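Letter by letter, the chains look like this.
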Amino acid sequence: MLRVEVAVTGLGAVSGYGEGAGALWRGIAEGRDAFGPIERFPCGPLASPLGGVLPPWPGELPGDDELRWRDLCVRVAVSAAREALASARLGEVLATAPERVALVVGTSVQQDQLGLNDQVAWMARALGVRGPCAGVGTACSASTGAVGLGRDLLEAGSADVVLAGGADTMTPELVAGFHALGLLSRGRCAPFSEELGTTLGEGAGFVVLESAERAIARSVEPIAWLRGYGLSGDAHHETSPDPSGAGVARAIRAALGDAGLAPEQVGYVNAHGTGTGANDAAEWRGLQGALGARAEQIPVSSTKGHLGHAQGAAGILELIATLMGRREGKVPPTLHFTRPRRGAPADPVGESLPRACAWEAAVCTNSAMAGSNAAVVVSRSAPARAVRTPLLVTVAGMGVVVGARAADTRATDTRATDTRATDTRATDMRAVDSRAAATRDGRASATDPDALSTLLAKAAPTADPRGMDPSAQLLTAAAALALRDGALKITTDRRDRAGLLLGNGHLSPATVRAFRASIAERGLWRLATSSFARRMPSAPAGACAAALDLRGPGTTIATGEGESLCAVAFAAQLLSSRATGDLLLAGGVRESESAAEVLALVAGGDGPVTLAGWGLAGPGQHAAALQQAVARAGLHPSGLRPHFPTFIAAVEAVRSGQATAAAAVTAGGCASCALVFCRTTEEP
Amino acid sequence: MDAALKAHLDRRQALLDQVRALIVKQTGRRLAPADIDPDAPLFVSGLGLDSVDTVELIIALESELGLPLPSDTEAVPALRTVNTIVDAVLARPGGTDRAA
Amino acid sequence: MPLEGGMAALRQSVALSELDHVSRVRVAGPAAFDLVNRVTPLELYARDGQMLHTVLLEPSAQVLADAYVCRDDEAYLLLSEGPAAPALLDWLRSHVQAGEQVTLEDLGPSHEMFSLSGPYAWELMATWLGTGILGLPYMGFARGDGWTCFRAGKAGEYGYDLLVPRERAPALRAKVRELGREFGLADLDLPSLEQAMLESFAFNIRREGRAGATPLELQLQWRISYQKDSLAAAALRERRTQGPRERLTFVRSPERFAAGDAVTSGEERIGTAVNAGWSELLGAWLGTAMIGVAFAHPGVDRYQVGGRPLQTITPPALLNRSLVVNPQRHSYRTRDKDTFPPLVPGR
């Protein structure tokens, strides 16, 4: 089958330079940074804090601080998205087929109790987007990852148009956290140079992704071609990157592999380049590792000297800066660069104005706390169409934790409810699973930290639980159980190709409590950095990957209700369509229910259960999602009734022989999803 | 033993207990304060505290023991072990001298 | 007094030490984790390529060996000081349970070990093996072509222990010496290495290890876990409940003293010296002593050892240059331009 080639047909941005991608490039072209004093909230002990701050935004913002930053974030996201849609001339599509337009957003501004998906749903509503939507919760690498996942949605046929990008606004907690970690520069961010430290930024950016066919049919001239993307995990530390840069190298190699390009064909790298000692040194090592000698022959610059570190919007703003520059045959320089630090790139473009460089292919790379790395490859000219054979995805194992106990899913009651109602509640799963636990133990138990520690020690004896919040422990236990269930070991030769894709948009309640307690006790400017570092939906995934040594592709997505299933769908798409992973653990965690469930998916394996089809569609459109899944599986939908609300029950129904095929369907959250499992021998 | 020696030993024991309790609290380790050897390295080896812990510890030492460690030059030698922290506390102006 | 030879190299540039006194064994097979986990009093929270510094204990909680446990994929390497490899293997074998499949191999006959330590050891390593080695974290190990490199070190400096197949050793050593010339590489013999360990208050199984004490008295609690159900767990927990009666203390004297000398406070016997050696760095006799807990605090200079004046001090004895040398900023080649605090204030 021919691979879908993805064109970038529109883009839009809001940054410290103001509204519009044009304003962004103008600022860079004129050699000025977007830094100004952070005046939106008091900055405690910081003398004169600078940031890539947004210009004053029109309109009233809510009085409540927490809502205010989130509100501003949504507004700038909507502005950037509208610009992107307009630049791609998509007004009509939105009007006629909004359920075929998807939104994937990297963002980290969120309230303690709500999920990231609420933010995303809000943006989608404002834009009139009704297709599958997802948040990416990996903070600093989120929008780069969002672009990659957006590409996968197109490939999977779940959408015709994808708005992919990110949005973030500065909050007092963000500034305080970076300050407490000693990451802020005393002056202006000077990547790869002196002095050390970063300057925070904010903003929003989106690109519009469409297939080559659609772009041609609409007579839209692509701005560039999205050739490939790569993800990896450092599996190293909560806040510091792997100093060897191996994680960054893996992500870049995966992106180039996905693109079918060699290092010699890369003409420019837009690096993450935050300006901190740890990031910059590791990143250059990673670039050298991935590109070899080529790394020293090409310009490698970071636009954080212009924009600051915009967190969830960093990757997309940097990609947009790269694409805007290319329109003029230029690359952005690394602003504020004076003397190179030891271990700086050979050519960091340490100039004040953009340099002429007409690259054919460029790499944009970003790294995040908790070790998630993402890289995308873009090119000017269209790729030759490649043939690609999708790989079979099988379920090698499953691990389920409920009430902080490993659930024996074989006792699962496989009766399920029909998802004709749009309202698939998690209570169904709870009922199903507590019946399982109750059958085995006589009672279901509530959150019990000792029970959790014991479970984790048994499931993963070499995983260090210290420094893991309950979400991380639950997820690690479920992942370890899934590996054990499939008799899988992450040996040295497998770990670079074994990853974790987590569906989670919530913060760990325990971490939030610790975070707020430290602020109440010691003041905001002395908050507990460990809680700050864990205050991300992707934190449990980072901790689990570190504990189990999973260094392959992975990320964290948030879709709300049923996000475990969505994570499996994204994981299956990734596994089946590219050669960077052999094993992906995928699933979800809910600390409030003391529960986690993980599937071990293997590319081309020979387990008894095959994940034959998957589909993603807009909220409430589970019929469309099921249609996609069934079509991919080559089965008839009538044989799949009733639908299960969780993949646990569906997998077990097939595994136990009660059904030859079963579907797990969710209509909730900001994306509906369907997964079709069948017995491996039944696969046509 | 004489009074001056006793005073010194008591002072050091009290500070030892206080600093160890502070470390346990700030770093969230599941240790009893007495489990922390007074001369065990705190960072890199020994207890293996990391850069995140350093920040926590410096903040707590200042607020609870009045020990400011404004720069690496002061912090690095002071934070090597519990006893070096106690030395630094005692060396502040107003800290007690050792038993002569 | 300026340092000379191996000691000068260890404290100021790079020193090379032979590690013949380190037993090296490999535990492999399906039950490797179970066996090593059973005999290790610390939780084996290690990923592939990570090492843990621990002690091997008798059921009485007395220290049998000073060991690094290194996870090599699904196998474990034990780098141990104390029992020679054959005795260590016998001890390990005695703890294998029925039905467990495990292979125990002494790597001594097939491998040599030596270390490169010092404030610029990282730079010599990078010059030799490429800048990639700078990414190796402390207590991590890396495998290369004909070498395994463990980043550890007991002298308080950057330390890299190299495990090398015997047939590759001569060529590797020659290369290291050749590159080491630029760094003033000098040999540090075992007695000098042990003196350096003493200056860093690093536990020496051949000295402090003879006191017959447990980790509680030896200030080695950081190498064990009271929560772990290991061989010595019962004894460890009991000692912990009772509390130590004496504690290993760092001491110095202007006059010579020796292991076994009584430590007194006036008329009262308060302990015994365990280790002693002349420190060129401090210009004094340095040592360790087991002293009653009530007396075992630094900053007392009115005790006696063997009748001679004794001071209790806070270890380590020096501000190791390695603490302030930063691979991202400094270089041996430009050291004259850098100002560092003195190794010992006032000297």
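The paragraphs below set out a description of the structure included in this document. What you see is a predicted model; the values in this text were computed from it and never measured.

Once that is clear, we can look at the environment of Asp496 of chain A. Residue and element names in this part refer to chain A. On the secondary structure map, Asp496 appears in the loop between α14 (470–485) and β19 (498–503). In this structure, the C-alpha to C-alpha distance between Asp496 and Arg339, residues 157 residues apart in sequence, is 35 Å. Here Asp496 is in contact with Arg250, Arg551, Gly552, Pro553 and Thr580, once residues within four sequence places are set aside.

For the rest of this paragraph, the subject is empty space enclosed by the protein. All names here are of chain A. The tally for this structure, following the rule as stated, stands at nine cavities of 30 Å³ or more. For the largest cavity, the calculated volume is near 370 Å³. Of all the secondary-structure elements, those providing two or more residues to the lining of the largest cavity are α2 (65–87), α6 (172–180) and α16 (529–534). In terms of residue count, α6 provides more of the lining of the largest cavity than any other element does, three residues in total. Across the lining of the largest cavity, the residue classes tally to ten nonpolar, six polar and five charged.

We now examine the pairing of strand β9 (residues 203–211) of chain A. Residue and element names in this part refer to chain A. Judged by how many residues are buried, β9 sits mostly within the fold: nine of nine residues are covered. Burial of β9 is two-sided: the residues Gly203, Gly205, Val207, Leu209 and Ser211 facing one way and the residues Ala204, Phe206, Val208 and Glu210 facing the other way are all buried. The pairing of strand β1 (residues 6–15) with β9 spans eight bridges and is classified as antiparallel. The residue of β9 that forms the bridge with Ala7 is Glu210.

Attention now moves to the packing of aromatic side chains. Using the criterion set out here, one finds ten aromatic pairs over all chains in the structure. With a centroid separation of 5.4 Å and an interplanar angle of 70 degrees, the aromatic rings of Phe41 of chain A and Trp69 of chain A are classed as edge-to-face. On the criterion of sequence distance, the pair formed by Phe41 of chain A in the loop between β3 (36–37) and β4 (50–52) and Trp69 of chain A in helix α2 is long-range, its members being 28 residues apart. Both residues of the pair, Phe41 of chain A and Trp69 of chain A, count as buried. Ring centres of Tyr120 of chain C and Tyr332 of chain C lie 5.2 Å apart, and the angle between their planes is 70 degrees; on these two criteria the pair is classed as edge-to-face. Taken together, the residues Tyr120 of chain C in the loop between β7 (111–117) and α4 (121–129) and Tyr332 of chain C in the segment after α9 (321–324) connect sequence positions 212 residues apart. In this pair, the class of Tyr120 of chain C matches that of Tyr332 of chain C, namely buried. Taken together, the ring pairs in this structure connect Tyr120, Trp122, Phe183 and Tyr332 of chain C into an aromatic cluster. In this structure, Arg326 of chain A packs its charged tip against the face of Trp359 of chain A, placed 5.4 Å from the ring centre. A cation over an aromatic ring shows up here: Arg335 of chain C above the ring of Tyr332 of chain C, its NZ or CZ 3.7 Å from the ring centre.

Many descriptions give the size of an interface as the accessible area lost when the pieces come together. Taken together, the 33 residues of chain B in the interface contact 30 residues of chain C. Both sides of the chain B and chain C interface together cover about 2500 Å² of buried area, and 52% of this is carbon and sulfur. By the criterion of area lost to chain C, the three top residues of chain B are Asp37, Asp39 and Arg80 of chain B, representing 23% of everything that side buries. Counting every contact that joins chain B to chain C gives two salt bridges. Residue Arg302 of chain C pairs with Asp2 of chain B through a salt bridge whose shortest N-O separation is 2.2 Å. Here chain B and chain C share twelve residue pairs in polar contact (both at pLDDT 80 or more) between them. Of all the elements in the fold, those that place two or more residues in the side of chain B that touches chain C are α1 (3–27), α3 (72–78) and α4 (82–91) of chain B. A per-element tally of the side of chain B that touches chain C places α1 of chain B first, with seven residues. When the residues that make up the side of chain B that touches chain C are grouped by side-chain class, the tally is 17 nonpolar, seven polar and nine charged.

Once that is clear, we can look at the sheet that holds strand β2 (residues 23–28) of chain C. Residues and elements named next belong to chain C. Taking strand neighbours across the sheet as the criterion, the five strands line up as β3-β4-β5-β2-β6 in an open arrangement whose pairing is antiparallel. In this open sheet, the two strands that pair with only one neighbour each are β3 (51–57) and β6 (103–106). In this sheet, neighbouring strand axes are inclined to one another by 25 degrees on average, regardless of whether the strands run parallel or antiparallel. In this sheet, strand β5 (residues 75–81) lies alongside β2 in antiparallel orientation, the contact comprising five bridges.

About the thresholds
- Residues numbered from 1 in each chain as written.
- Chains lettered and ligands numbered in written order.
- Predicted model: local features only at pLDDT ≥ 70, side-chain atom pairs only at ≥ 80, totals over all residues.
- Heavy atoms only, no water.
- Helix = DSSP H or I, 4+ residues; strand = E, 2+ residues; numbered from the N terminus.
- Contact = heavy atoms within 4.5 Å.
- 1 Å grid on protein atoms, 1.4 Å probe; cavity = no way out; pocket = protein on both sides within 12 Å on 5 of 7 lines; lining within 4 Å.
- Points joined across faces, edges and corners; volume = space filled by probe spheres on them.
- Nonpolar A, V, L, I, M, F, W, Y, C, P; charged D, E, K, R; others polar.
- Buried < 20%, exposed > 50% of the residue type's maximum accessible area, 1.4 Å probe, protein only.
- Pairing = 2+ DSSP bridges.
- Phe/Tyr/Trp six-rings, centres within 6.5 Å; stacked < 30°, edge-to-face > 60°.
- Lys NZ or Arg CZ within 6 Å of the ring centre and 35° of its normal.
- Buried area = accessible area lost by both parts, 1.4 Å probe.
- Salt bridge = Lys/Arg side-chain N within 4 Å of Asp/Glu carboxyl O.
- Polar contact = N/O pair within 3.5 Å; in protein donor to acceptor, adjacent residues only side chain to side chain.
- Axes fitted to C-alpha atoms, helices over the stretch in contact; angles between N-to-C directions.

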